[in-house]
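What the coordinates show
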Amino acid sequence: MTADDGVWLYSITTDNIGDAQLAGVTGVAGEQVRAVTSSGLVAVVGTVSLGEFGQEPLQRKLEDLDWLAATARAHDAVVAAVLRNGPTVPLRLATLYLDDERVRRLLTERHEEFGATLRRVTGRSEWGVKGYGDAKLLSQGVKEEPPPTGAAGKGTAYLLRRRAELSAQQDVERTAAGHAGEIHTALLDRAVDGVRRQVTDPVLTGKRAWMIFNGTYLVDNDRVEGFAALVTALDTERPGITLELTGPWPPYSFAGIDG
């Protein structure tokens, strides 16, 4: 390393993983990642140029969505490689230190915290469940207001129709929200933990479907089959709701760790 280099931190894991297991794994700058060990823990890191990944240049690059997406994929690929060899605590994107010694100090000072988190995620994985609603099917159980009658003028009739349409839309949204709450409660019964996320904008998902639910769950690996079966059952028994299961993922949502 030189004075122009920094250390990008990917994840923290047990000392059963070392450079041999990381051979061929490259990071956000195409660098060979390596293990930094202290206090029975391993930090998986890579050396990067501060001219490209330092605070000021990084701030500018984060505005480039293509660069951000590619960097996030490279970061996640390293975390996934570590996860294949054992439990891991993934760090958020762009966690940087000046040198390996500061990383070792981090492992020593926060040994108990990292150890507790590793125990929490050992033998478990993160799964995502998204729910999409079909407004037409969901509206079938909603009672519609009768159209206006009598001698009302055109303007009044239009306003009454619009009020009825808005009321029906709100009823459908309440129905969807009720389904989402029931789905989350049912999934929590089969998971160690779970959190509901904000639904994602269609522009980001690339789907035009109406997302009504977005959850992530920490699931024991030996209960994944049952969890997946529950997702299928919940999908089947709710006309107008389509559920999508994704995973397994590194436990970003349940690590609770910042560098």
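Residues numbered from 1 in each chain as written. Predicted model: local features only at pLDDT ≥ 70, side-chain atom pairs only at ≥ 80, totals over all residues. Heavy atoms only, no water.

Attention now moves to the sheet that holds strand E7 (residues 193-196). A sheet is described by the order of its strands in space; here 4 strands give the open sequence E7-E8-E6-E9, paired in antiparallel fashion. The sheet is open, and its two borders are formed by E7 and strand E9 (241-249), each paired with just one other strand. Pairwise comparison of adjacent strand axes, ignoring direction, gives a mean angle of 20° for this sheet. Examined bridge by bridge, strand E6 (residues 124-133) and strand E8 (residues 210-220) share 10 bridges and lie antiparallel to one another. When the sheet's bridge partners are listed, Ser125 is paired in E8 with Val219. (Pairing = 2+ DSSP bridges. Helix = DSSP H or I, 4+ residues; strand = E, 2+ residues; numbered from the N terminus. Axes fitted to C-alpha atoms, helices over the stretch in contact; angles between N-to-C directions.)

Attention now goes to the environment of Ala177. Secondary-structure assignment places Ala177 in helix H8 (residues 154-188). Along the backbone, Ala177 and Ile212 are 35 residues apart, and their C-alpha atoms lie at a distance of 7.0 Å.

Ranked by size, the top nonpolar core spans 20 residues in total, and within it Val129, Leu187, Phe213, Tyr217 and Phe227 carry the most contacts. Sorting the residues of this core by element identifies E6, H8, E8, helix H10 (224-236) and E9 as the ones contributing at least two each. Apart from residues no more than four positions distant in its own chain, Phe227 is found in contact with Trp127, Val129, Leu187, Arg190, Ala191, Tyr217, Val219 and Leu245. (Core = buried A, V, L, I, M, F, W, Y, C linked by side-chain atoms within 4.5 Å. Buried < 20%, exposed > 50% of the residue type's maximum accessible area, 1.4 Å probe, protein only. Contact = heavy atoms within 4.5 Å.)

On to the pattern of salt bridges. Under the counting rule described, the total for this entry stands at 8 salt bridges. A salt bridge links Arg238 to Glu182; the shortest N-O distance between them is 2.8 Å. One end of the pair, Arg238, is in the loop between H10 and E9; the other, Glu182, is in helix H8, and 56 residues separate them in sequence. Under the relative-accessibility criterion, Arg238 is labelled buried at 10%. A residue is classified by how much of its surface remains accessible, and Glu182, at 46% relative accessible area, is partly exposed. One salt-bridge network, held together by shared partners, links Glu182, Glu237 and Arg238. (Salt bridge = Lys/Arg side-chain N within 4 Å of Asp/Glu carboxyl O.)

Before going further, it helps to spend a moment on helix H4 (residues 65-83). Compared with an ideal rise of 1.5 Å per residue, which puts 19 residues at 27 Å, H4 spans 26 Å between its outermost C-alpha atoms and is within 8% of the ideal. Two or three places before Asp66, at the opening of H4, Asp64 has a side-chain oxygen 3.1 Å from that residue's backbone nitrogen. (Expected span 1.5 Å × (residues − 1). Polar contact = N/O pair within 3.5 Å; in protein donor to acceptor, adjacent residues only side chain to side chain.)

What follows deals with the pairing of E8. The buried fraction of E8 is high, at 10 of 11 residues. Looking at chain direction, E7 and E8 are connected through 4 bridges and run antiparallel. By the bridge assignment, Gly194 is partnered in E8 with Tyr217.

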